[in-house]
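Structural overview
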Amino acid sequence: MLGCPRILFCRAVLLLVFALCLMAMNPAGGAQGLISSDLSKLRSVGGVALSPDGRHLAYSVAMRDEPGRPYGQLWVMDVAMQKSIRFGGDKDRSGGPVWSPDGKWIAFFGRLGDKHGLMIAKPDGSDVTVLASPEGTNSPLPGAGNEVAWSPDGKQIAYISSTPDSRAAEASGDPMVITRYLYKPDAGEGMTRFNDNQRLHIFVVDVATKQTRQLTKGDTDEHSIDWSPDGKEILYLTNPEPNQDEFFNYDVFALKVADGSVRRITATEFNEYDPIWSPNGKKILFRGTRRGLTDRETTMEDTHVWVMNADGSDRREIGAAVDNRQGSPHWGPDGNSVYFTVQERGSNYLMRLPVSGGKPEYVVKEPGFVGAFSVAKDGAVFYSYASPRDLAELYVKSGSDAPRKLTDLNARVLSGKQIAEVESFTFVSNDNKYEVEAFLTKPLGMTATSKHPMIVNIHGGPHGQNGPAFNFKNQVYAAHGWATLNVNYRGSTGYGQKFADGVFGDQNGNEGQDVLYGVSAAVRRNPWIDRERLGIEGVSYGGQLTDWLITQTNEFKAAVPIAGISNLVSYNYMTYYNQYEEMEFGQFLHQGNLMDVAWERSALKHVAAAHTPTMLMHGENDNDVPIAEAEQFFIALKDVGTESIFVRYPREGHGLSETGHNIDSMNRCIAWYEKHFPKPGAEGITNVQP
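The present account deals with the structure reproduced in this document. (Residues numbered from 1 in each chain as written. Predicted model: local features only at pLDDT ≥ 70, side-chain atom pairs only at ≥ 80, totals over all residues. Heavy atoms only, no water.)

**Considerations on the overall build of the protein chain**
- Helix and strand counts for the protein chain come out as 11 helices and 35 strands.
- At 25 Å, the protein chain has a C-alpha radius of gyration in line with the 26 Å of a compact globule built from 690 residues.
- When the backbone C-alpha atoms are referred to their principal axes, the protein chain occupies close to 80 × 60 × 50 Å.
- Each of the 690 residues in the protein chain was classed as buried or not, and the buried ones make up 61%.
- Restricting the contact set of the protein chain to residue pairs at least 6 apart, pairs at least 24 apart contribute 60%.
- A total of about 25600 Å² of accessible surface is found on the protein chain, and carbon and sulfur atoms cover 51% of it.
- A distance of 4 Å separates the average location of the 67 positive side-chain charges in the protein chain from that of its 83 negative side-chain charges. (Helix = DSSP H or I, 4+ residues; strand = E, 2+ residues; numbered from the N terminus. Rg over C-alpha atoms; globule rule 2.2 N^0.38 Å. Buried < 20%, exposed > 50% of the residue type's maximum accessible area, 1.4 Å probe, protein only. Contact = heavy atoms within 4.5 Å. Areas by Shrake-Rupley, 256 points an atom, 1.4 Å probe, with all protein chains shown as cover. Lys, Arg positive; Asp, Glu negative; His and termini not counted. Charge placed at Lys NZ, Arg CZ, Asp CG, Glu CD.)

Written as structure tokens, this is what we have:
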């Protein structure tokens, strides 16, 4: 599963690691690659925001230099001089920059010294002023967009904060009384076990007087805000359904600032995300879907870019011209075109599309991952980009010129380090329905006669993708002399809607065969891969497939399922997002014979066939895939007599966030594989598959 939680405080740091490591030695023929502890030294660019006059560029940097969770720091670059200054000191936290219309101020969230909350400052970091102290929520609210919006005259700032709903006191009492269907917190939150029943609302603060007023209230959440160019309305999203916990359905509304009156702009059974006004206020751009049943955690349907009139009429899916999953859109400077990212064959590119519906055009099409971006009035694009050789750095691209790198945050860490090559290959699926792509990270220190282990690392989702962008875990494995295989099995994004739908009603089915066929293709085409030393791991859905595949084959010498599902039945009733299986199978588990199907496709049912030594890893407070999924499988493996250990990480939700935990996880993974891989060149062939 891929979590898509909202955030009220800038905690946007891409979680791009998950298990691997090295104790110290380097068996890869002397090649100097990355080791697990290097993770704490690496930095990456997050948010990007260009000032209205184009003179300054604000960007956030993700820091991992503490054993706890990564944190952000806000920097501002003088574009002409390419000199940057940081807001605050070494350990201060800040991010989420939003420029005032005149470019004289930046609004941001953070903690600088003894000041914290929603603040404003000048571009040089001076005159820091706290305007408000927003509160967040641990409620699972996916796809939340802008949290801050300036009024066009720069005199007010709208922001999102929370207040208790009508059930908050009862649900946190002694005893706790649970009445909500959605009573568990967000997937990655990891600190608590229950929804705090705080509701997000729209507030406005006067910049001069610091006076705040609350514009919305009640037992619904309002978020994803944008202030209209004429200053009269604030655009936002909410779920108006009477059973909002059980039916995930964002619609677009507009609130009149003067009197608080609300007008509804969309009324659909599907979802809208990230609505923003056009520069002239006549149109609204947003990201949306068509299907009536989706899920708050992950969706099978690719989101596309849409545009409509300010009153909701003339709704058009202009992104339909690109059959792939699209990110949050932004208007071009002239209002005649839109910019958005798109997933394509393992990479994330940046595209421009005329609002009139003309031919889409690639703006940045380099292998890797384009993240946040900001477009200048002259069409220059400033963006974060993770290349095959580095985490996300800041780049600029003007017209047809080649991209230019503006930051080099990891130069010291990567200096003298070899970065392993990543190559892609394709193969035909077992049922001859699809061409499937895989990415193979080659080990360092290869020679003409050397043989190397291979770790199969399965991505989550299932609607996600792997690709050529820098992957720390894979690089650490490469430095250890091991290859890593990532297979974009059916259900993955980046290969069109039909391919993403390929897993519908077939979990732990042919997508698992795609992984095994990818392994077969890799070892047959690369004789240097030692088929006697194959390992398998994955996070979330990747953990689920790891659980499943070790009940279907004995070809792997060791396995590390992380945050995986072993029992589709129990999982359905314990996860915080209970519509997931309904979306993936087309009906509730209690309908028809689906309960039987779900049990048949559960690794737990087939555990007697699992003989692969298995190390399970899980976050103690995972509400996406509850830790009971690992608990069940661990005991079942013990009952069968299969060697297994269980590593539980405190303060973690779905997946590992803390840098120290990630480093520990990597080291344990390598030690586990080394324990169970036969010594190189050992006599006898035991693994005849694939």
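Next, the rest of the story.
**Side note on the pairing of strand β23 (residues 361-364)**
- Pairing of strand β22 (residues 347-354) with β23 involves 3 bridges; the strand directions are antiparallel. Its bridge partner lying in β23, Leu350 is registered against Val364.
- Two successive antiparallel strands, β22 and β23, enclose a turn made up of 6 residues, where Gly357 displays a positive phi of approximately 100°. (Pairing = 2+ DSSP bridges.)

**Some remarks on the side chain of Asn567**
- Tracing the backbone through its elements, the reader meets Asn567 in the loop between β33 (558-562) and α7 (568-574).
- Here Asn567 falls in the buried class, since its relative accessible area comes to 7%.
- At a separation of 3.0 Å, a polar atom in the side chain of Asn567 contacts the main-chain amide nitrogen of Val569.
- A polar atom in the side chain of Asn567 sits 3.3 Å from the backbone nitrogen of Ser570.
- Beyond its immediate stretch of four places on either side in the chain, Asn567 contacts Trp599, Ser602, Leu604, Glu629 and Gln632. (Polar contact = N/O pair within 3.5 Å; in protein donor to acceptor, adjacent residues only side chain to side chain.)

**As for the sheet that holds strand β8 (residues 129-132)**
- Pairing is antiparallel in the open sheet, where 4 strands are placed in the order β5-β6-β7-β8. Two strands lie at the open edges of the sheet, namely β5 (93-99) and β8, each paired on one side alone. Adjacent strand axes in the sheet meet at a mean angle of 35° when their direction is disregarded.
- By the bridge criterion, 7 bridges tie strand β6 (residues 106-112) to strand β7 (residues 115-121) in an arrangement that is antiparallel. (Axes fitted to C-alpha atoms, helices over the stretch in contact; angles between N-to-C directions.)

**Notes on the environment of Pro275**
- You can see Pro275 is positioned in strand β17 (residues 272-277).
- Pro275 sits in the buried class, given a relative accessible area of 2%.
- Sequence spacing of Pro275 and Asp390 is 115 residues, and the spatial spacing of their C-alpha atoms is 32 Å.
- Apart from residues no more than four positions distant in its own chain, Pro275 is found in contact with Ser224, Asp226, Leu235, Leu237, Val252, Ile284, Leu285 and Phe286.

**A word on the packing of helix α5 (residues 510-525) against helix α6 (residues 541-549)**
- Two elements in contact, α5 and α6, have axes separated by 11 Å at closest approach and are oriented at 80°. As judged from the angle between their axes, α5 and α6 are roughly perpendicular. Touching Glu511, Gly512, Val515 and Leu516 of α5 are Tyr541, Leu545 and Leu549, all from α6.
- Classifying every residue of the contact of α5 with α6 by side-chain character gives 5 nonpolar, 1 polar and 1 charged. (Parallel < 35°, antiparallel > 145°, perpendicular 65-115°, else oblique. Nonpolar A, V, L, I, M, F, W, Y, C, P; charged D, E, K, R; others polar.)

**Let's talk about the pairing of β5**
- Here β5 pairs with β6 via 5 bridges, running antiparallel. What sits directly across from Trp99, in β6, is Ile106.
- Between β5 and the antiparallel strand that follows it, β6, lie 6 residues; Gly103 among them carries a positive phi value of about 75°.

**Looking at the nonpolar core**
- Of all hydrophobic cores here, the largest spans 62 residues; its most connected members are Met454, Val456 and Leu485.
- Here this core gets 6 residues from one element, more than from any other, and that element is α5.
- In contact with Val456, other than residues within four places in its own chain, are Leu485, Val515, Val519, Gly535, Ile536, Glu537 and Phe556.
- One finds Ala158, Leu255, Tyr273 and Ile284 within the second-largest nonpolar core, a separate group that totals 29 residues. (Core = buried A, V, L, I, M, F, W, Y, C linked by side-chain atoms within 4.5 Å.)

Just geometry here; none of it tells us what the structure is for.
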